[in-house]
Structure formats: structure tokens, C-alpha cells
Amino acid sequence: MTYFTISSETAEHGINLYTLSNARGMRIVISDRGAALVSWFAPDRYGREADILLGYRDIGRYVANQAHFGSIVGRWGNRIADGRFTMDGADYEVHRNNNGNHLHGGEAGFHLMQWQVQPDPEGLRMSLVSPDGAAGFPGNVLASVLYRLDEEGRLQIDYTATTDAPTPINLTSHGYFNLNGGADNICDHILSIDADTYLQVNGKLIPERAAEVDGSAFDFRQPAPIGPRLSWPDEQLAIAGGFDHCYCLHREEADAGEPGGRSQPLREVATVYDPGSGRLLTVSTTEIGLQFYSGNFLRDVPGRSAQPYAPHDGFCLEAQAYPNQINGPESEAVILRPGQVYRQTTVYRMSVRE
């Protein structure tokens with residue numbers, strides 16, 4: 001049986017904070033600005049509690065949230081090359097906000113929106129309406145996320161969306177994790193990703209080709225510390241300043257006509273273990289891609305303490321479609337059409353290894 005409680009408070013700048021708690025005392029704080037994960041308080045192997053998410057000390061910074069801390073990003077998570085795509089024979093241009101590319105929804109991104117909280121017996125449900133033309137995307141989109149926390153420390157995020165006109169859609173959660181609670185960087189975290197290939201990128205971080213992970217810094221099929229891999233002499237690491245690449249997860253044959261190709265089963269795809277605290281994060285998803293980002297651009301970003309964040313102070317594991325997929329051979333899989341329902345489920349489980 002799932003047990004949870006929800007409490008709420010109003011913070012500065014009209015932002016409301018909601019706390020999910022389970023029977024074991026785990027607490028997750030969520031903002032209605034960007035439907036963002038603000039904090040996740042979890043014990044270590046000795047029962048000592050710490051916040052395993054990066055975030056701002058000043059809650060007002062979630063109004064702009066330039067680092068996308070914890071937010072739901074859309075309509076399109078990750079990048080669209082040159083902010084252009086063709087759909088059903090028509091050309092579209094969307095907001096360019098990252099080195100000439102579109103990134104994370106641009107100026108009308110979901111991380112900047114005030115989400116509405118709706119009653120739901122299963123957890124915390126938030127929804128928003130993204131109007132036709134937002135950041136250049138066609139169609140009115142109704143999006144919803146349901147956050148659920150159970151007694152085993154599983155945070156399940158269920159996404160849905162509908163539209164009144166064809167539109168690309170790719171939603172994800174942009175939580176930055178640090179399992180030692182910010183006591184140090186993430187270099188000693190031990191990562192595993194169940195993928196044989198990843199997408200190599202060009203100088204603008206747009207995928208160019210799929211490559212085998214075998215024999216490279218990107219091979220996390222067996223658990224390995226993140227820090228030593230960052231120093232490997234790899235051209236892809238040099239381009240991105242670390243890891244900022246999408247892994248091609250194992251998948252079953254999918255219905256190409258389904259939005260996002262989301263006929264994949266929910267399956268475990270990654271783990272991260274912090275030896276110092278004993279905290280273990282397990283990631284499961286229905287998505288085909290997992291973006292591993294090692295916090296390369298966390299330079300002088302204001303955080304919870306007086307000292308700003310630095311590169312590699314946190315990591316992201318963002319379950320999603322492939323970056324720029326709307327311009328690739330599987331573009332139909334990321335187009336949401338009237339009468340269809342976009343669905344995605346990702347689960348982050350926090351436990352302790354003795």
C-alpha cells in the first residue's frame with residue numbers, strides 16, 4: 001500500500017511549495033513554478049538526513065531558474081538543431097536560446113510556467129496549458145505531471161499531454177542530484193547505465209551519430225566512478241566539458257505511430273551509488289533515451305550555501321526521447337497529434353546500501 005502525505009506553504013514571489021512525505025520520514029519538496037523538484041531529504045546509512053538535490057537558497061530564483069534546477073522541461077527537453085524542423089511539409093522556427101539551437105522549451109519553457117495543482121488521490125498532480133505559438137510551437141497543449149512517493153523511496157513521475165494540432169513534444173525532469181548532500185562533488189559517485197550505444201555530438205552539442213560505448217569513457221555497463229572518466233582523453237568529453245550525452249537505452253520494437261514511441265515497458269536503466277553515504281539512486285523509465293549530464297556548466301551558479309556551485313557539483317539523468325529527434329528518421333515518434341495522448345513514466349528510487 002502506498003502511503004504519503006502532502007503539505008503546502010506559500011513562499012516568496014507567489015510560489016507555492018508542496019511536500020510529499022512517506023512513512024519512513026523521506027520528504028520531497030515541489031514548487032508549482034516549473035513543477036520543480038526543490039528538495040529531497042533522504043537519510044544516509046547512519047540515518048543522517050541530507051538534501052540530495054541541488055537548488056537555490058533564494059526561492060525567488062525559481063521564477064527564472066536559469067539552471068533548470070529540478071524543473072519539468074518542455075515542450076521540448078534538450079536541443080533542436082538551429083531551432084528548426086519540418087512537420088507535415090511545413091517548416092517551423094522555434095526560439096533559439098542555446099548557441100543557435102533551441103533548448104528546453106526556450107522563452108516559453110515549462111520550467112518558467114506556473115503550474116496548477118489539481119486534487120488527486122494518488123499524489124501531487126500539476127497541470128498547465130501551453131498556448132498555440134508558444135516559443136514558435138504549434139497547437140494548444142494540455143500537459144500534466146503526477147508525482148507519487150511510496151514507502152520504498154520511489155518517486156514516480158507520470159507525464160501526460162494532449163494537443164489540438166500536431167506538435168513535437170519531449171518532456172523530462174531536470175533534477176540535479178548529489179548523493180553526498182553537497183559535502184563534495186560527484187566525482188566519487190559510481191554510475192551504471194544499461195546501454196550499448198550513445199549519441200556523439202558536434203561542437204553545438206547536437207547528435208551526429210550513434211557510437212558503441214565499448215572501450216570508451218562512456219561505457220558504464222559495469223559500475224564505474226564518474227570522476228576518473230572525466231579525465232579520459234576523449235574528444236567527446238572535450239567538446240562538452242564532460243558528459244552531456246544521450247544514451248540509447250535497450251528497447252523493444254515500438255509502434256512508430258505512437259507519440260514518442262512510448263510503448264516501452266518501465267524498466268531499470270541506471271544506478272548511482274555514493275560510497276561515502278551509502279545512498280543508492282535507481283532510475284527506471286519508459287523512455288528510449290537517457291541524457292547523462294555531469295554538471296559541466298555549473299560555474300558560479302548560486303546555490304544553497306554562500307559558495308556558488310562549480311562544475312561537477314551535481315549530475316542529471318534525464319529520461320527522454322533523443323535530442324533533435326524531430327529532425328531525424330524517427331521524427332514521427334515525437335509528434336503528438338490530436339486524439340493521441342503523450343505518456344511517459346520515470347521512477348527515481350532512493351535507498352541505502354549498508
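Criteria and cut-off values
- The numbers attached to residues start from 1 for each chain and follow its sequence in the written order.
- Restriction of local features to residues with pLDDT of at least 70 applies here, the model being predicted, together with a cutoff of 80 or more for giving and counting side-chain atom pairs; totals for whole chains, interfaces and linings are based on all residues.
- Heavy atoms from the whole structure form the basis of all side-chain values; hydrogens and water molecules are not counted.
- Here a helix means four or more residues in a row that DSSP labels H or I, a strand means two or more in a row labelled E, and each is numbered from the N terminus.
- Atoms considered for the radius of gyration are the C-alpha atoms alone. The globule rule reads 2.2 Å times the number of residues to the power 0.38.
- Every residue pair with non-hydrogen atoms within 4.5 Å of one another is taken to be in contact.
- We get accessible surface area from the Shrake-Rupley algorithm with a probe of 1.4 Å; when it comes to residues, only the shown protein chains can shield them.
- When charges are counted, Lys and Arg contribute as positive and Asp and Glu as negative, whereas His and the chain ends are disregarded.
- Every charge is mapped to an atom, namely NZ of Lys, CZ of Arg, CG of Asp or CD of Glu.
- Nonpolar cores were defined as sets of buried Ala, Val, Leu, Ile, Met, Phe, Trp, Tyr and Cys residues, with membership established by side-chain atoms within 4.5 Å.
- Residue burial is assigned from relative accessible area. The probe radius is 1.4 Å, only protein chains are included, and a residue is buried under 20% of its type maximum, exposed over 50%, and partly exposed in between.
- Salt-bridge detection follows one rule: a side-chain nitrogen of Lys or Arg within 4 Å of a carboxyl oxygen of Asp or Glu.
- Any Phe, Tyr or Trp ring, taking Trp's six-membered ring, that has another such ring centre within 6.5 Å forms a pair; planes under 30 degrees apart are called stacked, those over 60 apart edge-to-face, and the others tilted.
- Each ring is checked for a lysine NZ or an arginine CZ that lies within 6 Å of its centre and within 35 degrees of its normal; such an atom marks a charge sitting over the ring.

### With respect to the overall build of the protein
Along its length, the protein carries two helices and 27 strands. Whereas a compact globule of 354 residues would reach a radius of gyration of roughly 20 Å, the protein reaches 19 Å, a difference of no more than 12%. Based on the C-alpha atoms only, the size of the protein along its principal axes is roughly 60 × 50 × 40 Å. Counting only contacts in the protein whose residues sit at least 6 apart along the sequence, the fraction spanning at least 24 positions is 65%. When the accessible area of the protein is evaluated, it comes to approximately 13,900 Å², of which 47% is carbon and sulfur surface. Side chains of the protein give 28 positive and 44 negative charges; the mean places of these two sets differ by 3 Å.

### What about the nonpolar core?
Generally speaking, soluble globular proteins have nonpolar side chains that are buried together. Trp40, Tyr147, Ile193, Tyr247 and Phe292 are the most contacted members of the largest nonpolar core, which has 61 residues in total. Looking at this core, the element that brings in the most residues is strand β13 (residues 141–149), giving five residues. When sequence neighbours within four positions are dropped, the list of residues in contact with Ile193 reads Phe220, Arg221, Tyr247, Leu249, Val269, Ala270, Leu290 and Phe292. Membership of the second largest hydrophobic core comes to 17 residues, among which are Leu17, Val29, Ala36 and Val38.

### Let's talk about the pattern of salt bridges
Opposite charge on two side chains allows them to pair when their charged atoms are near. Summed over all chains, the structure comprises 19 salt bridges. Here Arg209 and Glu208 are joined by a salt bridge, their closest N and O atoms 3.6 Å apart. A relative accessible area of 48% places Glu208 in the partly exposed class. Salt-bridge contacts for Glu330 lead to Arg251; the nearest nitrogen and oxygen are separated by 3.1 Å. Residue Glu330 is found in the loop between β25 (316–320) and β26 (335–336), and its partner Arg251 is found in the loop between β21 (244–248) and β22 (267–273); the two are separated by 79 residues along the sequence. By relative accessible area, Glu330 is classed as partly exposed at 30%. Each of Asp196, Asp214, Asp219 and Arg221 takes part in one network of salt bridges that share partners.

### Section: the packing of aromatic side chains
Under the defined criterion, the tally for this structure stands at 18 aromatic pairs. The interplanar angle of 15° and the centroid separation of 5.2 Å between the aromatic rings of Phe85 and Tyr92 together place this pair among those described as stacked. Just above the ring of Phe41 sits the side chain of Arg27; from NZ or CZ to the centre is 4.3 Å. Positioned over the ring face of Phe220 is Arg229, at 4.8 Å from the centre of the ring.

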